[in-house]
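# Geometric and topological summary
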Amino acid sequence: MHDVPDGPQLPQPVAGSYLESKFLLLLLLTVSLALGWILLPLFGTMLWALIIALLFVPLNRSLLLRLRGRRNVAALLTLLFVLVMVILPLALIAAALAREAAQLYQRVQSGALNPVGYLHSAFDALPGWAAKLLDQLGLGEFANLQQRLSLALRQGSEFIATQVFSAGQITFEFFASLAITLYLAFFLIRDGAQLMRAIGQAIPLAPAHKQELFGKFATVVRATVKGNFLVAAIQGALGGLAFWFLGVGAPLLWAVLMTFLSLLPAIGAGLIWLPVALYLLMTGALWQGLALSAYGVLVIGLVDNLLRPVLVGKDTRMPDYVVMITTLGGMAVFGINGFVLGPVIAAMFIAVWHLHGKARE
């Protein structure tokens, strides 16, 4: 009697397929972490190359249409536009800033600008309650205050001297980073669409979900960079004009400092104009101090309160307080790059949880 098979034979599972898939996943994770570790020193450079590519994609698309699809020429013309319209003006401002900072330093060293003398006049003019408060803080005697101020000025002078000696190295590192950034930006501008398709194919999500995540990322980066930089530039320019009109020394230096600090929402520019206004009031320049205080609150502060929610919060579709908190937290963790990374991480967090909620429905 012969055995007759009951039905068609099904393929038996391969014993090693499970282990092979797990090993491949582990290998993928390992090489990805290794690559990230290698590229970590270039993180800021790569981030700004990506930001340049995202900001100037519309210009590149327009050039592609005019140049009949010649991608290399379109990408080169886009980078030339970035150099002429963005990087060259920033370089000219940096050169003027360095010249003005050197002049200010020379005035302090020569005695033409005497912070200690001004502070002594302000100290003598303090009301009783302020003098009593300084006495409780151990600063009631001007000699103690002068000693601490002299120590701070000496440390500042040593820092400036150190920066002068290392200026050549800093300049080399800056131009090297700039060259790498533009080099990467060229390929991201030229091949960005293909790279996005390749990344999208590797992500195991539905096409609609991938499109939503990629669109959210690009929108938040563009809105954050354009909005924050525009608000910071306007606040810095307004503050510099006020300082120039009131006769405050080195207005360009203060304008640039206000521009950088204005990347901090709500409080940034006030870290510069408020102490200057108090200094003017304490040294007897009453109308200048009052005018700068009113101008700072009603004009410089109003720019931040009106424009930032429109330029940043509207496009990112995040509340103003979320944008502010994530910007501050991002800059605390990532430095200057954090003003982009903070809101981007928050927006991606919200988007991923939104997709998770839709997937559970």
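So, how was this worked out
- Residues numbered from 1 in each chain as written.
- Predicted model: local features only at pLDDT ≥ 70, side-chain atom pairs only at ≥ 80, totals over all residues.
- Heavy atoms only, no water.
- pLDDT = per-residue confidence, 0-100.
- Helix = DSSP H or I, 4+ residues; strand = E, 2+ residues; numbered from the N terminus.
- Contact = heavy atoms within 4.5 Å.
- Core = buried A, V, L, I, M, F, W, Y, C linked by side-chain atoms within 4.5 Å.
- Buried < 20%, exposed > 50% of the residue type's maximum accessible area, 1.4 Å probe, protein only.
- Phe/Tyr/Trp six-rings, centres within 6.5 Å; stacked < 30°, edge-to-face > 60°.

### Considerations on the confidence of the model for the protein
Summing up the model confidence of the protein, the mean pLDDT is 75 and the portion of residues at 70 or higher is 71%. Mean pLDDT in the protein bottoms out at helix α7 (residues 142–165), which sits at 55, and peaks at helix α3 (residues 57–66), which reaches 88. Confidence drops under pLDDT 50 across residues 164–168; counting only partners more than four residues distant or on other chains, this segment forms zero contacts.

### Structural notes on the nonpolar core
Formed by 20 residues in total, the largest nonpolar core has its most connected members in I51, V221, M318 and V340. When residues of this core are traced back to their parent elements, those giving at least two are α2 (43–55), α9 (207–246), α13 (320–334) and α14 (338–360). Sorting elements by how many residues they give to this core places α14 first, with six residues. Within the second largest apolar cluster, 17 residues are counted, among which are L238, L246, L280 and V303.

### Some words on the packing of aromatic side chains
On inspection of all chains with the given rule, the structure shows six aromatic pairs. Look at W48 and F229: their rings are 6.2 Å apart centre to centre, the planes differ by 45 degrees, and that puts the pair in the tilted class. Taken together, the positions of W48 in helix α2 and F229 in helix α9 put the pair 181 residues apart, joining distant regions of the chain. Linked through ring pairs, Y183, F186 and F187 together constitute an aromatic cluster.

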